[in-house]
Amino acid sequence: MIKHILFLLLWMPLGLMGQSSAIQLLDKSLNEGWTTLDEGWTYNKGDDLYWAQPSYDDKLWKPVVAQTNGNINWVDNSAIAGKNEIVWFRKKIKIEASFKESIIFTVSELGASEIYLDGKLLNNFGEPSNPDSAHKKAWDDIFVLPLVPGKEQLLAIRYTTGNWDFPIYNGSHEIGFRLTTLSVLNSPDVSLNNRLALTKVGQKYFDISLGATSLISILFFTLFLFFPKEKINGFFALSTFFLSLFLISRSLESSMVSNTFWLNVFTFIAMCIGLLLMLFCIYRIFNRSLGFWFWTLCLLFFLELVSDVVYPISYFAFVLLLYQFAIIILSIRALKTNGVAARIFISCMGLIFIYFISNVILQAFGVDTTTSDVYFSGLSFMLLPLSIAIYLGYNFSQRSKSLASQLVEVKRLSTENTRILSEQKNTLEKEVTLRTKELNTSLENLKATQSQLIQSEKMASLGELTAGIAHEIQNPLNFVNNFSEVSSELLDEMNEELDKGDIEEAKTISIDIKQNLEKITHHGKRADSIVKGMLQHSQNSNGKKEPTNINALADEYLRLAYHGLRAKDKSFNADMKTDFDDRIKTITIIPQDIGRVVLNLVTNAFYAVNEKGIAAKASGDIAYKPLVSIATKKKNNTVEITVTDNGNGMPDGIKKKIFQPFFTTKPTGQGTGLGLSMSYDIVTKGHGGELTVETKEGEGTKFNIELPI
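Definitions and limits used
Residues numbered from 1 in each chain as written. Predicted model: local features only at pLDDT ≥ 70, side-chain atom pairs only at ≥ 80, totals over all residues. Heavy atoms only, no water. Helix = DSSP H or I, 4+ residues; strand = E, 2+ residues; numbered from the N terminus. Buried < 20%, exposed > 50% of the residue type's maximum accessible area, 1.4 Å probe, protein only. Contact = heavy atoms within 4.5 Å. Areas by Shrake-Rupley, 256 points an atom, 1.4 Å probe, with all protein chains shown as cover. Pairing = 2+ DSSP bridges. Phe/Tyr/Trp six-rings, centres within 6.5 Å; stacked < 30°, edge-to-face > 60°. Lys NZ or Arg CZ within 6 Å of the ring centre and 35° of its normal. Patch = residues over 30% accessible without salt bridge, like charges linked within 9 Å, V, L, I, M, F, W, Y side chains within 5 Å. Salt bridge = Lys/Arg side-chain N within 4 Å of Asp/Glu carboxyl O. Lys, Arg positive; Asp, Glu negative; His and termini not counted. Charge placed at Lys NZ, Arg CZ, Asp CG, Glu CD. Disulfide = S-S within 2.5 Å. Core = buried A, V, L, I, M, F, W, Y, C linked by side-chain atoms within 4.5 Å.

**Observations concerning the overall build of the protein chain**
Reasoning step 1: Along the protein chain, the regular secondary structure elements total 15 helices and 17 strands.
Reasoning step 2: Looking at the protein chain as a whole, 44% of its 709 residues are labelled buried.
Reasoning step 3: Residue pairs in contact within the protein chain that sit at least 24 positions apart in sequence constitute 74% of those at least 6 positions apart.
Reasoning step 4: Total accessible area computed for the protein chain in this model is approximately 36,600 Å², and 58% of it derives from carbon and sulfur atoms.

What follows is the structure, given as structure tokens:
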């Protein structure tokens, strides 16, 4: 399989087949170019070196009907020499007597051959007796054919095909010969020396295409590294990379004389991947999803690859024609949406398509297209990559211009926004100044209102204690009154005893009077302390902390709260339980503030057990015993005060809101909603402690106060 000829069909199908019409006369016409020796041959299978001698009679040999590509190993639509078979070809040639130029002879084959002239071995390419030495011979190796002018001479060829494993059904058992003169061989005129054009001038343009595609691949891969979001640059760089691999492997393939089947396969795969990736890029440029043309060409490329391995079928020219046609159709459909890209691709592929068709037509009329093939075939490989690169560059420049104009617009808007912001800033400063004054006024009003609310809450709690205070003061006052009356009677008795002269009895009575006076003083001080405590409770806190007996404070407010409720509701009754830690002497607190907290918690506890007691009495439950407990406990660095009740408890929804300002569970008019909120602030903010609640609906509530020592 001459794969390098097949890959030339990519852009110049049938371009080489124009050589099949060369003239067979060995005369001065050799000076007009290369002549194919494809007529007048006879053949015979077998192997006998005597068949190279002119004296051997070959009249029983069969004639050769050469193919249009000059292959003489072909008759009745099949190869003469099959795999590993040796066949001899003979032909008598004669050159004009007046012809003086040296004759140049070259062989193209897939196999091994020996060239004999008048029974003398002139040259050999491989060893026909050794099929493994068979190789691919293109038009590179030449030698002088020593023909004698005016003399009839015998040219004999001993030939065997290659021992190829692939393709499986190998039909490419070819051998062909061409002649020219030394002057034509050395001529730079491609119209004469098409061999030179194909091997030298043609390769030059393939190298130019290789350089262009490699440069494009590096450039767009670099762009992709700097702008990874532009994935089209990465795909295009990959497509030109595979096209560069194709051109490199094609050059290696054409220069090798050994079996290059797997290199042919690699060349074909690299070309297919490169072409399909470029088609994929065109789909991306037109913002179209992969459709019929893409998947059809994928299938056809795959089938062509399979045929290369199994049985080479030359329909690749049709696939490439379809590839060009697909790009033209996609571009025409995209004229309205992306006219620039569409016109670029139509121009590029239209040029190649027209060249393709015109080549076929010209060759059909016998026109030699070698010159145009040489110049166009190599350069045509970079037309499609170059057109895609031109569009991507154009698109990049358009986006750069758009970004530049947007940047100018942004600067203009920025300047305008700066002016507007400056004006708005001045306006806002004026408004802020005005609003600040209004807010300061509102804040002062709010502070005054807050102070009034707090004072109202204090007075409300003080009102709750009024009856309890009266009860607590009444006790010491009763003692003062009683001891005063007794002391008065004792003074009368003492006077009587003095009148009698009983000094001892008078002294005894005076001792009793002294004891009564001491008790009067004690209970007077008790009443005085109660009054002072209530005065402190009703006044604003000065925020000054002082050592305080927390057990006494808790006990006093427990009893005041209880007697206060008893005075308001004679039916109210509840058990009180205290558990004070004697290890606690004094702690530094603001006594009136902590007193308010304890009073608030205890009052709420009594309210809770009273509500549950009323409900229990209404339902006939006589087992319920209202109980409010207060306890203190010294921990490591804190003192814990707990207020516990066995009331109704609270659901979780209320528990989350219990410390919020103005939230209350009491009926309207019975609570302000500030008690627990104010207590929380006093404990946490005023004393750096913690106030938490534990509750279970239907069983009771427990408030925990932790104060640092």
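**Quick word on the pairing of strand 10 (residues 175–181)**
Reasoning step 1: By the criterion of burial, strand 10 is predominantly enclosed, with seven of the seven residues buried.
Reasoning step 2: Burial along strand 10 is two-sided: the face carrying Ile175, Phe177, Leu179 and Thr181 and the face carrying Gly176, Arg178 and Thr180 are both buried.
Reasoning step 3: Relative to strand 10, strand 5 (residues 103–117) runs antiparallel, the two sharing seven bridges. The partner of serine 108 across the bridge, within strand 10, is glycine 176.

**Considerations on unusual backbone geometry**
Excluding glycine, residues mostly carry a negative phi; peptide bonds, for their part, are mostly trans.
Reasoning step 1: The phi angle at aspartate 118 is positive, at roughly 55°, despite the residue not being glycine.
Reasoning step 2: Here aspartate 118 shows up in the loop between strand 5 and strand 6 (120–125).
Reasoning step 3: We classify aspartate 118 as partly exposed; its relative accessible area is 24%.

**A few points about the packing of aromatic side chains**
Reasoning step 1: On inspection of all chains with the given rule, the structure shows 27 aromatic pairs.
Reasoning step 2: On the numbers, 5.2 Å between centres and 55° between planes, the contact of phenylalanine 105 with phenylalanine 143 is tilted. Placement of the pair is phenylalanine 105 in strand 5 and phenylalanine 143 in strand 8 (residues 142–145), with a sequence separation of 38 residues.
Reasoning step 3: Phenylalanine 105 sits in the buried class, given a relative accessible area of 0%.
Reasoning step 4: Given the relative accessible area of 10%, phenylalanine 143 is considered buried.
Reasoning step 5: In textbook terms, an aromatic cluster arises when at least three aromatic residues are bridged by ring pairs, as seen for Tyr50, Trp51, Tyr56, Trp61, Trp88 and Tyr116.
Reasoning step 6: The cationic tip of arginine 90 hangs over the ring face of tryptophan 61; the distance from NZ or CZ to the ring centre is 5.7 Å.

**Observations concerning the environment of isoleucine 232**
Reasoning step 1: Tracing the backbone shows isoleucine 232 in helix 4 (residues 231–255).
Reasoning step 2: Distance in space between the C-alpha atoms of isoleucine 232 and isoleucine 282 is 9.4 Å, their sequence separation being 50 residues.
Reasoning step 3: Excluding residues that lie within four positions of it along the chain, isoleucine 232 makes contacts with Cys281, Arg284, Ile285 and Leu392.

**What to know about a negative patch on the surface**
Reasoning step 1: On the surface, Glu485, Glu489, Asp492, Glu493, Glu496, Asp499, Asp502, Glu504, Glu505 and Asp512 cluster together into a patch of negative charge.
Reasoning step 2: Listing elements by their share of the negative patch, those giving two or more residues are helix 10 (383–500) and helix 11 (503–538).
Reasoning step 3: At six residues, helix 10 tops the list of elements feeding residues into the negative patch.
Reasoning step 4: Looking at the element boundaries, glutamate 489 is found in helix 10.
Reasoning step 5: Relative accessible area serves as the criterion here: at 53%, glutamate 489 is assigned to the exposed category.

**As for the state of the cysteines**
Reasoning step 1: The final tally for this structure, using the stated rule, is zero disulfides.
Reasoning step 2: Considering cysteine sulfurs only, cysteine 298 is the nearest to cysteine 272, which forms no disulfide, with 9.3 Å between them.
Reasoning step 3: Classification of cysteine 272 as buried rests on a relative accessible area of 7%.

**Remarks on the nonpolar core**
Reasoning step 1: Of all hydrophobic cores here, the largest spans 52 residues; its most connected members are Ile285, Phe286, Leu297, Phe301, Tyr323, Leu384 and Ile388.
Reasoning step 2: Of all the secondary structure elements, the ones that give two or more residues to this core are helix 3 (194–226), helix 4, helix 5 (261–285), helix 6 (292–310), helix 7 (316–333), helix 8 (339–364) and helix 10.
Reasoning step 3: Not counting residues up to four positions away in its chain, the partners in contact with leucine 297 are Leu276, Leu279, Val319, Leu322, Tyr323 and Ala326.
Reasoning step 4: Formed by 41 residues, the second largest nonpolar core is a distinct cluster that contains Leu553, Ala574, Val609 and Leu676.

**Considerations on the pattern of salt bridges**
Reasoning step 1: In this structure the tally under the stated criterion is 18 salt bridges.
Reasoning step 2: With its nearest N and O atoms 2.8 Å apart, the salt bridge here joins glutamate 423 to arginine 419. Highlighted residues: glutamate 423 and arginine 419, both in helix 10, separated by four residues, approximately one helical turn.
Reasoning step 3: Taking relative accessible area as the criterion, arginine 419 reaches 40% and is therefore assigned partly exposed.

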